[in-house]
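# A structural walkthrough
Now for the letters of each chain:
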Amino acid sequence: MPQRAPYGTWQSHITLETVVSSSIVFDDVLVDPITSVVYHIEERPTDGGRSVIVNTAENRDVIPSGFNARDAVNEYGGAPAVVYGGTVYFSNITDGRVYSVEDKQGSQPSPVSPEDPKKQYRYANFAVHPVQTNLIASILEYHPNDDPQNVVTTLCVIDTATATRTGLVEGADFYASPVFNPSGTKIAWQEWYQPDMPFEGALIYVADVSIKNGAIVLSNRTYCRREKLKISATYPTWISDTTLLYTSDESNGFQNPFIYSTTTGSARPALANPIDQDFAEPAWFFGLYPYALLGDGSYGAFTAFKDGRNILYVLDLTKPSDPVLIPDFPFVVAQHLKQSGPKATTFVFTASLSDQPGGVLLCTLGAAPSFAPTYTYLKRSSASPVLNEYVSPPRPYTLYKDNDPNDPLYAILYLPMNPDFEPLDGEKPPCITHVHGGPTSMTTQALSLQKMFFTSRGFAWLDVNYRGSSGYGRAYIERLAGKWGILDNQDCEDAVTLLGDLVDSKRAAVRGGSAGGYTTLCSVTTAKNNKYYKAATSAYGGISDLTLLAKATEKFELQYMYKLLGGSPEDIPEVYKARSPYYNVVDSLGVPKITIPLLMLQGKNDPVVPQDQATRFLDEIKNKAPNEKLSYHFYDNEGHGWKQASTIKDALKREHDWYVENLL
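Quick notes on the rules
Residues numbered from 1 in each chain as written. Predicted model: local features only at pLDDT ≥ 70, side-chain atom pairs only at ≥ 80, totals over all residues. Heavy atoms only, no water. Helix = DSSP H or I, 4+ residues; strand = E, 2+ residues; numbered from the N terminus. Buried < 20%, exposed > 50% of the residue type's maximum accessible area, 1.4 Å probe, protein only. Salt bridge = Lys/Arg side-chain N within 4 Å of Asp/Glu carboxyl O.

Working note: non-glycine residues mostly have negative phi, and peptide bonds are mostly trans. With an omega of 5°, the peptide bond between Ala368 and Pro369 qualifies as cis. With respect to the secondary-structure elements, Pro369 resides in the loop between strand 28 (359-365) and strand 29 (373-380). A cis amide bond, omega 5°, links Gly438 with the succeeding residue Pro439. For Pro439, the position within the fold is in the loop between strand 33 (430-435) and helix 3 (449-455). Despite not being glycine, Asn74 has its phi angle at roughly 60°, a positive value. As for its position among the elements, Asn74 is in the loop between strand 5 (60-61) and strand 6 (81-84). Asn74 sits in the buried class, given a relative accessible area of 6%. The phi dihedral of Phe371 is positive, around 55°, even though this residue is not glycine. Mapped onto the elements, Phe371 comes out in the loop between strand 28 and strand 29.

A few words on the pattern of salt bridges. Across all of its chains, the model carries 34 salt bridges by this definition. Lys643 is the partner of Glu43 in a salt bridge, and the nearest nitrogen-oxygen pair spans 3.3 Å. Taken as a pair, Glu43 in strand 3 (residues 38-44) and Lys643 in the loop between strand 38 (630-635) and helix 11 (645-663) lie far apart in primary sequence, 600 residues in all. The buried category is assigned to Glu43, whose relative accessible area is 18%. For Lys643, a relative accessible area of 26% translates into the label partly exposed. Here Lys624 and Glu620 are joined by a salt bridge, their closest N and O atoms 2.7 Å apart. With Lys624 and Glu620 both in helix 10 (residues 612-624) and four residues apart, this pair spans about one turn of that helix. Judged by relative accessible area, Lys624 falls into the partly exposed class, the value being 42%. In this structure Glu620 comes out as buried when scored by relative accessible area, which is 12%. Connected via shared salt-bridge partners are Glu42, Arg44, Asp61 and Lys379.

Shape is all these values report; function is a separate question.
Right, here's the structure in full:
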């Protein structure tokens, strides 16, 4: 018999320890093109937060304790490893060098990049030359000092036989996705220039490759697609020696697949008709490939976004074609797609479900025309299933303020779920409003035990994909241009209000990290209705001073704000000040604007949003609004988001206690 108790006071079997230990985060999946052996990279919060390369079939660690297969290129990193012929090459974030290790029990890694005693170089996104296999193309990021303005990004070649490095391509502000064609006679890569982000104006280039005196030499550099600021081309892969596949938003404002021929020097859509769905997500991390070639490359498996989750298509690549939708794709998020071997008709990927932990999957497709799939778990995210009766299912909503069909707002609601409790008569649950980071990103429907920690205790959880979020096309992303700090705030408040029949909008909290932390801080300072919420949490990396951030954040996002705010700090200083929580703790008469209880959590080693964004803001509140309710904590050895189990548990407990204290 369920116990009757107020929302927010329920007891749950989803504990702090459950959140940390019951779901593995997979950073990547790798396939050896020679042996077809599958590997994956998994995070280990209980092992100092390191990332470990694992032989998936044998469930055996390939790198020993003391090594951490992670990189910090663009600070967010991604694609830290590659496997070729039984040898794993990986970037070790501990010292910044690249190592090789044989996939054999007891093998020890050996450095294959030059010594770097000052830790000035970073490597990521590797490509092994298929003929001269000691040569590996890589992104190289050089940090001559601590000033992000001085970071230099290039493509380089690492000679693993001599542990030396030579330059390959330079001149752009950023590079990604170097890929050799099957014979090693050509290379393709992505590059882009400030103020663009890779999802705004990235270019795809190809060049001829020759080997001279044991080194790679490029010639005939040509672009496939190019229009800064307006067209994004991303995720290149060679179908054959002369045919390149990539995605671009040039046709209809949605990322769709395209094919470029080096023979004709022209590109064509892979689709017979453009589809208003994104076939790729913004590349905040390297290696998030949304498709995999199949067979000899004549067709492929493609993910796309629809209604805030992934769907799966099979597409004929020999001619412009209509994709075949694979019905009932069970995974709400599918990433890191890779063909499971040369000419294989199967592919591997990392996947998430909405009601259970996901894992590393193998997909086997049946014969045309239906391509009926079979999914095989190579490794599950959790050894034991989560109790379904404590899992709140996602409820996606498309909301319309003032019933305007041309101005949709997307949200995902999780209502309280616990078989051991039922609420008081007539009570609606307090609502935790989550603001995702980016801001050009999205919150998916993937199971999050952090969210279930709250919903199983009687809180509603609301994810808002506000205007500016990805997954709904370029036009929806660009709605935030010039309006960051305004529309995101407005949309989050509107989402809570529009769902007021289901949640208690009078007992709502707002929380988020990074750009979501910025929106959170704006919600209690610069927002028109800065008293809308009853509690707030800057979960990590909350931005308080936009002018300071424009000078101190990492190179990758150094000019990102120019579009989001409408110009540089020099062009529009008044906008930067008006939308910075730091300058809006009190109004012009000295009356506090911030009156909502605020919890601030921050990593001491955050390179994206440095900790002085928090310390200066906290000092300003203490000096000018000393009577306002405030709590904060800074975490040692943590950066932009949490990696260590102790931090994850402590931060979650602090946040839960904050809502119990201020919402109930």
